[in-house]
Amino acid sequence: MIEFRSVRKQYENGTVAVQELSLSVEAGTMTVLVGPSGCGKTTLMRMVNRMIEPSSGSVLVGDKDVREVDPAHLRRGIGYVIQQAGLFPHRTVLDNVATVPLLFGRKRRTARRRAAELLERVGLPTDLGKRYPAQLSGGQQQRVGVARALAADPPVLLMDEPFSAVDPVVRAGLQEELLRLQGELGKTVLFVTHDIDEAVKLGDKVAVLRQGGYLAQYAEPDDLLAEPADDFVTSFVGRDRGYRRLSFMDARGLRPEAADIVHIGDTSADVPSRAGWVLVLDAQQRPRGWLPPDATVDGQLTEGQLMAGGSLYIEGTPLRGALDAALSAPSGLGVVVDDNGGYVGVVTARQVLDLIEDHRRSTTVEGAAP
Ligand SMILES: Nc1ncnc2c1ncn2[C@@H]1O[C@H](COP(=O)(O)OP(=O)(O)OP(=O)(O)O)[C@@H](O)[C@H]1O
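One structure accompanies this document, and this report is about it. In this text, all values refer to a predicted model and were calculated from it rather than measured experimentally.

Observations regarding the site of the ligand
Okay, step 1: The immediate surroundings of the ligand are formed by 13 residues, with S37, G38, K41, T42 and T43 found nearest.
Okay, step 2: Measuring from an oxygen atom of the ligand, one finds a backbone N or O atom of G40 at 3.0 Å.
Okay, step 3: K41 is positioned with one of its side-chain polar atoms (N or O) 2.8 Å from an oxygen atom of the ligand.
Okay, step 4: When the free accessible area of the ligand is taken as 640 Å², the share hidden by the protein chains comes to 61%.

Now the structure itself:
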């Protein structure tokens, strides 16, 4: 869908921003360009919508060389999201988003209706539409930027460090939102960041660039963490890559076990005689916390008597969450819940590690020469 064929960019002052570089982005997938400052990410991205022309080589969008397409026409099919959202400060949020459908000749009322739909789609309450960009938080502005880029329903989205100006918590929320949106819309996305964690979280594939505009590696996130191509990529992906790979590891084979349980409101007579930790659930079977082995229960069990639990692991999600649940629980037992937050069972860190070991053995055997 997007293809770079031996593209090279040398600026007039002699700087070579991109060396002869080839890579292709499959339709409906998200590729993240990542690398340190000045390695040519933005230059490469801007060649797609002809904001920058390559010195040699070619860029294809949907099998067409972009040089053969009129830039205005080309850009209609390519949404563009930048850092700080780039909104018009003197137009309301709704009108910022409606600008694009208006440009395409839609009637004002239709354009506004479409804009309101898009605001909802990116997770913003529609009444924010009446405000001006300065009256929104950074994260909300970024969402408006995404809504505006989607307004023409373009098959391709370019996103240049869209989330780097917001704090880490808001940023994590925006990333989740983008993954959800992408799951619904299936755009072909090229996303630039200098943050490797963001890259492996978002990308179906990740292109690591290094200083001087070289492509160091182009791979799926799990492969990038498992087998960095060289020392540069190894140091760029960071030290805890083994742990981070758990984010991609399938939890099939994990067998939660039954814990000792009681419910809020139970009395001391209901609490099992025990040497170990007891998990406390509410009436909807949702975990509320733990009773330590030596705790005594006076009268009815209340939330005030509990020790806070660790993170909860949602059954079926990647193994990283299971290990985190086990390591963060005071009991050492990671609580497994279903999609609705209902108690399923518990797992220990040992069980998770054994499963990882099994995965490793089976992939080594599969990958071995016959
Ligand atoms: N118009 C220009 N004229 C000359 N050199 C430029 C121009 N634009 C960018 N460069 C240089 O080209 C190289 C690549 O820049 P580019 O902006 O593509 O990198 P980047 O990876 O996006 O960096 P950052 O993460 O800091 O935004 C840098 O050395 C930069 O100084």
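From this point on, the discussion continues.
So, the sheet that holds strand 15 (residues 333-337)
Okay, step 1: Strand order in the open sheet made by the three strands is 14-15-16, with mixed pairing throughout. The sheet is open, and its two edges are formed by strand 14 (312-314) and strand 16 (343-348), each paired on a single side. Sheet twist, expressed as the mean angle between neighbouring strand axes with direction ignored, is 35°.
Okay, step 2: The pairing of strand 15 with strand 16 spans five bridges and is classified as antiparallel. Each residue of the ladder has a partner; that of G334, found in strand 16, is V347.
Okay, step 3: Across the sheet, helix 11 (residues 319-328) is in contact with strand 14, strand 15 and strand 16; its angle to strand 15 comes to roughly 130°.

Re the pattern of salt bridges
Okay, step 1: Inspection of every chain in the model, using the stated rule, returns 22 salt bridges.
Okay, step 2: A salt bridge links R180 to E177, with the nearest nitrogen and oxygen atoms 2.7 Å apart. Of this pair, R180 and E177 are both found in helix 6 (residues 168-185), three residues apart, which corresponds to roughly one turn of the helix.
Okay, step 3: For R180, a relative accessible area of 34% translates into the label partly exposed.

Brief notes about the pairing of strand 7 (residues 156-160)
Okay, step 1: Most of strand 7 is tucked away, with five of its five residues classed as buried.
Okay, step 2: Sheet topology places strand 6 (residues 78-82) next to strand 7; five bridges connect them, and they run parallel. Following the sheet pairing, Y80 is matched in strand 7 by L158.
Okay, step 3: Here strand 7 runs beside strand 8 (residues 188-193); their pairing, made up of five bridges, is parallel. Following the sheet pairing, D160 is matched in strand 8 by V192.
Okay, step 4: Between the parallel pair strand 7 and strand 8, the chain is carried across by helix 6, and the sense of this crossover is right-handed.

So, a negative patch on the surface
Okay, step 1: On the surface, E26, D204, E220, D223 and E227 cluster together into a patch of negative charge.
Okay, step 2: E26 gets classed as exposed once you look at its relative accessible area, which sits at 59%.

Overview of unusual backbone geometry
Okay, step 1: One non-glycine residue, S6, lies in positive phi territory at about 45°.
Okay, step 2: Tracing the backbone shows S6 in strand 1 (residues 2-10).
Okay, step 3: Given the relative accessible area of 33%, S6 is considered partly exposed.
Okay, step 4: One non-glycine residue with positive phi stands out, namely R50, at about 65°.

What counts and how
Starting from 1, residues in each chain are numbered consecutively following that chain's sequence as written. Where local features are concerned, this predicted model is filtered to residues with pLDDT of at least 70; where side-chain atom pairs are given and counted, the filter is 80 or more; whole-chain, interface and lining totals use all residues. Working from all heavy atoms in the structure, the side-chain values ignore hydrogens and water. When at least one non-hydrogen atom of a residue lies within 4 Å of a molecule or strand, that residue is treated as near it. Pairing of N or O atoms within 3.5 Å defines a polar contact, subject to two protein rules: one partner must be a possible hydrogen donor and the other a possible acceptor, and residues neighboring in sequence count only if both atoms are side-chain atoms. For the area figures, the Shrake-Rupley method with a 1.4 Å probe applies, and any residue is considered shielded solely by the protein chains shown. Here, a strand pair is defined by DSSP locating no fewer than two bridges between the strands. Secondary structure follows DSSP: runs of H or I at least 4 residues long count as helices, runs of E at least 2 residues long count as strands, and numbering of each begins at the N terminus. Lines are fitted to the C-alpha atoms to define the axes, a helix being fitted only along its stretch in contact, and any angle between axes, read from their N-to-C directions, falls within 0 to 180 degrees. Should any heavy atoms of two residues lie within 4.5 Å, those residues are considered in contact. Salt bridges, as used here, are contacts in which a Lys or Arg side-chain nitrogen is within 4 Å of a carboxyl oxygen on Asp or Glu. Only protein chains enter the area calculation, which uses a 1.4 Å probe; residues under 20% of their type maximum are buried, those over 50% are exposed, and those in between are partly exposed. The path from the first strand over the helix to the second decides the hand: if it runs clockwise while the strands point away from the viewer, the crossover is right-handed. Residues forming no salt bridge and having over 30% relative accessible area are the ones grouped into patches, like charges within 9 Å of each other and nonpolar side chains (Val, Leu, Ile, Met, Phe, Trp, Tyr) within 5 Å. Only four residue types enter the charge count: Lys and Arg as positive, Asp and Glu as negative, with His and the chain ends excluded. Note on charges: their place is set at NZ of Lys, CZ of Arg, CG of Asp or CD of Glu.

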